[in-house]
Amino acid sequence: MVVNVGAGAGSWKKIELAEAEATLDRLEADYLAGRFKTDVQVERYWGQHEFQSAKVERLREEIKTAEDAPAWKETGRTYAEEWTTKDDEQKRVFLQRHSITVMVGATEDGSRRVVCKMPELAEIAKETGLQVPEGYCLIEPEAEHILPKQMAYEQN
């Protein structure tokens, strides 16, 4: 698997940064409004404020670094290997980071239809110098699978 550690790869971090800044803004507004009355509440406020401030700072630095030095790096792993190491939240972030979409729906006959798009694969191929055979063009990869509607099982 090859990942872009440049400007395009930071878009998911920008979303995470906006969420962290919004959380920090809410914390500060609550503090200024005097909503923290007890010592425990004030202590927890400062712990959350410190955590969110550090997160905002880290994300800003990571975004700046990615934007200042875009480059493709070989990870030494396949997408499948990367996927199996992740929990549900990490999988969600992975899908967002790589602009992968998975659409699930029904067909007219009641079967299930799954369409998976991985737009960055064409970009990765171009950046890594993948040669496309004559007569073929590199398009946005899309896989479609039709799963037949559930059939009755026969008991043995």
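Structural data are supplied above this passage.
The sections below set out a description of the structure shown in this document.

Basis of the calculations
Residues numbered from 1 in each chain as written. Predicted model: local features only at pLDDT ≥ 70, side-chain atom pairs only at ≥ 80, totals over all residues. Heavy atoms only, no water. Helix = DSSP H or I, 4+ residues; strand = E, 2+ residues; numbered from the N terminus. Buried < 20%, exposed > 50% of the residue type's maximum accessible area, 1.4 Å probe, protein only. Contact = heavy atoms within 4.5 Å. Areas by Shrake-Rupley, 256 points an atom, 1.4 Å probe, with all protein chains shown as cover. Patch = residues over 30% accessible without salt bridge, like charges linked within 9 Å, V, L, I, M, F, W, Y side chains within 5 Å. Salt bridge = Lys/Arg side-chain N within 4 Å of Asp/Glu carboxyl O. Phe/Tyr/Trp six-rings, centres within 6.5 Å; stacked < 30°, edge-to-face > 60°. Axes fitted to C-alpha atoms, helices over the stretch in contact; angles between N-to-C directions. Parallel < 35°, antiparallel > 145°, perpendicular 65-115°, else oblique. Left-handed = near helix turned anticlockwise from the far one by under 90°. Nonpolar A, V, L, I, M, F, W, Y, C, P; charged D, E, K, R; others polar.

### Section: the overall build of the chain
Assigned secondary structure in the chain consists of five helices and five strands. When the helices and strands of the chain are listed from N to C terminus, the series reads β-α-α-β-α-α-β-β-α-β. Within the span of the chain, comprising 156 residues, buried residues form 23% of the whole. For the chain, contacts bridging at least 24 residues in sequence account for 62% of all contacts bridging at least 6. Summed over its atoms, the accessible surface of the chain is roughly 11,600 Å², and 53% of this surface lies on carbon and sulfur atoms.

### Notes on a nonpolar patch on the surface
The grouping of Y31, L32 and W46 at the surface amounts to a nonpolar patch, some 360 Å² of accessible area in total. Secondary-structure assignment places W46 in helix α2 (residues 39–68). For W46, a relative accessible area of 43% translates into the label partly exposed.

### Quick look at the packing of aromatic side chains
Under the counting rule described, the total for this entry stands at five aromatic pairs. Judged by centre distance (5.2 Å) and plane angle (40°), the rings of F36 and Y45 are tilted. Taken together, the ring pairs connect Y31, F36, Y45 and W46 into an aromatic cluster.

### A few points about the packing of helix α1 (residues 11–32) against α2
Running from N to C, α1 and α2 point in directions that differ by 150°, and their axes come no closer than 9 Å. When the axis of α1 is compared with that of α2, the two are roughly antiparallel. Relative to α2, the crossing made by α1 is left-handed. Here the contact of α1 with α2 is built from residues that sort into ten nonpolar, five polar and ten charged.

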